[in-house]
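# An overview of the molecular structure
The primary structure of each chain is shown beneath.
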Amino acid sequence: MLYRKRQQRQPHQLIPLGKQQEGSDGAETAKSIIDYLVVLFQREAKSDAPKEPFAISFYGGEPLVNFDVIRQIVEYAKCVEFRNRSLFFTMTTNAMLLSKHADFLSHHNFKMLISLDGNKEHDSYRKTPNGSPSFDIVMKNLMDVESMFPKWFATFRYNAVFSNISDVRNIVEWFKS
């Protein structure tokens, strides 16, 4: 996730772009950060040798809720020269909105981390805003994306949150299946 320095606080304190003050524009803040990074990269010694890749990551809360901001940031960053650095994008998502935005995300080859706590028994951790279970929605989205973009889908990674009611063996077996 891109961060910006928090104003009227200690200068080193950072806040995620998703937590903008009311009336502020996260995309414009992100563009300013990207512009600043370009200046920093231009100050480096000139060399034709490739530099380490540069990632812009979206995570925290559910980033796809702010898809328009993500789209603006990606489109802007793609137009910027990062001085011999390859640019890539990453995202951690609960996959509730994944199939809705899969065309864009796959086109830009996002590296995806899906937050999934295991099988349907663990649905109690992942509720929709109205309190309904989310497991079936997430699984449908994942199956839809797998059928539409199998090569991209094969690169997905998953994480699980274990708790005192989790049976680790069952969750591991479920992920293997």
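Higher on the page you've got the structure.
These lines cover the structure that appears in this document, whether it is placed above or below. The model shown is predicted, which means the values in this text are computed figures rather than measured ones. (Residues numbered from 1 in each chain as written. Predicted model: local features only at pLDDT ≥ 70, side-chain atom pairs only at ≥ 80, totals over all residues. Heavy atoms only, no water.)

### Thoughts on the overall build of the protein chain
Looking only at helices and strands, the protein chain features six helices and six strands. Ordering the α and β elements of the protein chain from the N terminus gives β-β-α-β-α-β-α-β-α-α-β-α. Across the protein chain, every contact between residues at least 6 apart in sequence was considered, and the portion connecting residues at least 24 apart equals 61%. (Helix = DSSP H or I, 4+ residues; strand = E, 2+ residues; numbered from the N terminus. Contact = heavy atoms within 4.5 Å.)

### As for helix α4 (residues 135-148)
End to end, α4 covers 20 Å across 14 residues, agreeing with the expected 20 Å (1.5 Å per residue, within 8%). Buried within α4 are the following residues: Phe135, Val138, Asn141, Leu142 and Val145. With its buried residues spanning 130 degrees around the axis, α4 presents them on a single face. In α4, the exposed positions angled more than 90 degrees off the buried face are occupied by Met143 and Ser147. (Expected span 1.5 Å × (residues − 1). Buried < 20%, exposed > 50% of the residue type's maximum accessible area, 1.4 Å probe, protein only. Arc of directions from axis to C-beta.)

### Focus on the environment of aspartate 48
Note that aspartate 48 resides in the loop between α1 (26-42) and β3 (54-58). Placed 36 residues apart in sequence, aspartate 48 and asparagine 84 show a C-alpha to C-alpha distance of 6.9 Å.

### Brief notes about the packing of helix α3 (residues 98-107) against α4
Close contact between α3 and α4 brings their axes to 9 Å; oriented N to C, the two are set at 30 degrees. The angle between the axes of α3 and α4 places the two elements in the roughly parallel class. The two elements α3 and α4 meet at a crossing, and its hand is right-handed. Residues Leu98, Ser99 and Ala102 of α3 touch α4, and the partners they reach there are Asn141, Leu142, Asp144, Val145 and Met148. (Axes fitted to C-alpha atoms, helices over the stretch in contact; angles between N-to-C directions. Parallel < 35°, antiparallel > 145°, perpendicular 65-115°, else oblique. Left-handed = near helix turned anticlockwise from the far one by under 90°.)

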